[in-house]
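Here are the chains, one letter per residue:
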Amino acid sequence: MHPLSAQEISHYNNTYFNPLEREIYRPGTHIHTSVRSFNMDALNTMLNVDSLLKDGLATPSGDLNFWQRIFHDDLLAWENKDVSIKINPLFNFSIGNEMNEGKGTWNNTRGVFIEGTLGNKFYFYTDFVENQSVFPNYIDDFVEQRKVVPGQGKSKSYGNNAHDYAQSTGFISFNPEKWFNIQLGQGKHFIGDGHRSLLLSDNSFSYPYLKFSADFNKVHYHVMWAQHRDLNNISKELESNDARYLDKYSASHYLTMNIGNRISVGMFESVVWAAQDTMGQRNFDLSYLNPIIFFRPLEYSLGSPDNMTMGINAKYILGNSSAFYGQFVMGEFKFDEVFNGSKWWANKQGFQLGFKSYNFLGINKLDFLTEYNQVRPYTYSHRETITNYAHYNQELAHPLGANFRESVSKVKYQYRRFIFNGELMVAMYGKDFSDTENSVSYGQNIFKDNDYRPGDYNHTIGQGLKTNLIYLEGSISYLINPQNNFNIAAGLRIRKETNDMETKNTQMLWFAVRTSIRSIYTDF
């Protein structure tokens, strides 16, 4: 198998099945772990990636026939000195039972992903999946309210109570020089070292983007421009089946530096603006094309302030394979209001503190993560819904929006081909008493305008309809083919959401034959 090309980007984004992550949280690796997907050029300088993927699993030797490739290698592969192409299937065939209501669930996903290199400067990746699903009730409620399947696009009805939806992603990566990379595509991005990100996560649907990156040893910098869509707003002249949803754009910078062998600090800023504002058609604002300018003074100078999000990501490697990590996010800041104790509504801030350890307690392939996240009311929202920090009716950061506290812990243990996963998430948040248009917003729903807040002061986390959420899931998987994470799995999911108005319970058994490349979040 030929070596990984310098511009290849990892598509192993499902942390439950990613053997690479265990090796990069070590002192002195200088991998920029907070930028996902990972740069395979950097990984390949320190790791034998093929060996890690197979991870000691027994595979047939010599040329493999078609049937053996399904279980042990890329399904189709072709390469010469200038071009390489790999084709692998994507699928998820699952059944389940929501025991409280006796509801049967199922999923039917079929797709394919193709990746390859063109010469020594170009890498490309593309995938497509088509899905039909019957979801547990809490996801059904989400789809009914948001009109999208979590992380997977717009839903249309299928049969009596099923959903039909599809998604395609892809990009081309070009390295004009060793230190520089240009990506053009449609996909998702994640900035952070934890399970969640308060800066930018892969929680929402894919979006088109252009990204320029530079890596100089211990320093990584990138600038990205992206187009997003607001499903809550359409042109009034086109309210029909052919209506076009209104667009918005974002520009973001991220600079991260490894300090010594154990410390990493990164600075993030992003600005979102509507393609059409109150003054008319605005489209892409050329003012944000500058790849090194600070956005805050720039957006203020435009006279029509856009939605700014800023933050810090930090990590400290402890011992040989553990790390403390954290984030701080800020949307608005006025020194006097922050420190006078009045709990001003626009003190839009949040933070994350976490710890992760690989080979935890000295046990080989026992991985552990625990983190705490909290975000004040109205963070990520804005004076208009079209300029909130969201895409396709989902948050671009944390899936709970704002006005919440959350603790999440995960444990994973692998023995040969068996993988055991467990997760416990406990959260408290303040919902609105009504979701109708123009009703009072208590700051959790970022798709409501800031203007509908109940006053300017005394805003605290959990205000509104105080709601408690417990989410528990355990699963056992048997890994068959690590090239596309083909596995057979079974699990139990328990979810309970309670407040003074209602209680929602989910107890669900499930069984799946699937490939596990992407991160699809159900813990919300």
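Coordinates for the structure precede this section.
Residues numbered from 1 in each chain as written. Predicted model: local features only at pLDDT ≥ 70, side-chain atom pairs only at ≥ 80, totals over all residues. Heavy atoms only, no water.

Peer 1: I keep staring at the environment of Gly 62 and nothing clicks. Help me out?
Peer 2: Along the chain, Gly 62 falls in the loop between α3 (49-54) and α4 (66-72). Spatially, the C-alpha atoms of Gly 62 and Asn 181 are 36 Å apart, while their sequence positions differ by 119 residues. (Helix = DSSP H or I, 4+ residues; strand = E, 2+ residues; numbered from the N terminus.)

Peer 1: What's the story with the side chain of His 398 in this structure? I'm lost.
Peer 2: Inspection of the secondary structure assignment puts His 398 in the loop between β23 (394-395) and β24 (404-415). A polar contact of 2.8 Å, which involves the side chain of His 398, links it to the side chain of Glu 406. Dropping the residues within four chain positions of it, His 398 is found in contact with Arg 196, Ser 197, Leu 198, Asn 373, Phe 404 and Glu 406. (Polar contact = N/O pair within 3.5 Å; in protein donor to acceptor, adjacent residues only side chain to side chain. Contact = heavy atoms within 4.5 Å.)

Peer 1: In this structure, what is going on with the side chain of Arg 514? I would like to understand it.
Peer 2: By secondary structure assignment, the location of Arg 514 is in strand β28 (residues 503-515). One buried charged residue, Arg 514, forms no salt bridge at all, with the nearest opposite charge on Glu 473 at 7.1 Å. Separated by 3.4 Å, the side chains of Arg 514 and Ser 516 make a polar contact. In contact with Arg 514, other than residues within four places in its own chain, are Phe 17, Phe 91, Asn 92, Ser 477, Asn 485, Phe 486, Asn 487 and Ala 489. (Buried < 20%, exposed > 50% of the residue type's maximum accessible area, 1.4 Å probe, protein only. Lys, Arg positive; Asp, Glu negative; His and termini not counted. Salt bridge = Lys/Arg side-chain N within 4 Å of Asp/Glu carboxyl O.)

Peer 1: Before we go on, may I ask you to explain unusual backbone geometry in this structure?
Peer 2: Excluding glycine, a negative phi dihedral is what most residues carry, and trans is how most peptide bonds are arranged. Between Arg 36 and the following residue, Ser 37, the backbone shows a cis peptide bond with an omega angle of 15 degrees. Along the chain, the position of Ser 37 falls in the loop between β1 (35-36) and α2 (40-44). Unlike most non-glycine residues, His 30 shows phi in positive territory, near 60 degrees. As for its position among the elements, His 30 is in the loop between α1 (21-24) and β1. A positive phi angle, near 60 degrees, is found at Asn 403, a position not held by glycine. In this structure, Asn 403 sits in the loop between β23 and β24.

Peer 1: I would appreciate a short explanation of helix α5 (residues 137-146) in the present structure.
Peer 2: Note that an α-helix has 3.6 residues per turn; residues three or four places apart therefore point the same way. Burial runs high along α5: seven of the ten residues are buried. All of the buried residues along α5 are Asn 137, Tyr 138, Ile 139, Asp 140, Phe 142, Val 143 and Arg 146. Lys 147 sits one or two residues past α5 and shows a positive phi near 70 degrees.

Peer 1: Just to check I follow, could you spell out the pattern of salt bridges for this structure?
Peer 2: Where charged atoms from two side chains of opposite charge approach closely, those side chains can pair. Counted under the stated rule, the structure contains 16 salt bridges. Arg 453 serves as the salt-bridge partner of Asp 456, at 3.0 Å between the closest nitrogen and oxygen. Arg 493 is the salt-bridge partner of Glu 473, the closest N and O atoms lying 3.4 Å from each other. In this pair, Glu 473 sits in strand β26 (residues 465-481) while Arg 493 sits in strand β27 (residues 486-498), placing the two residues 20 residues apart along the sequence. Of the two residues, Glu 473 and Arg 493, both sit in the buried class. Among the charged side chains, a salt-bridge network with shared partners connects Asp 141, Glu 502 and Lys 504.

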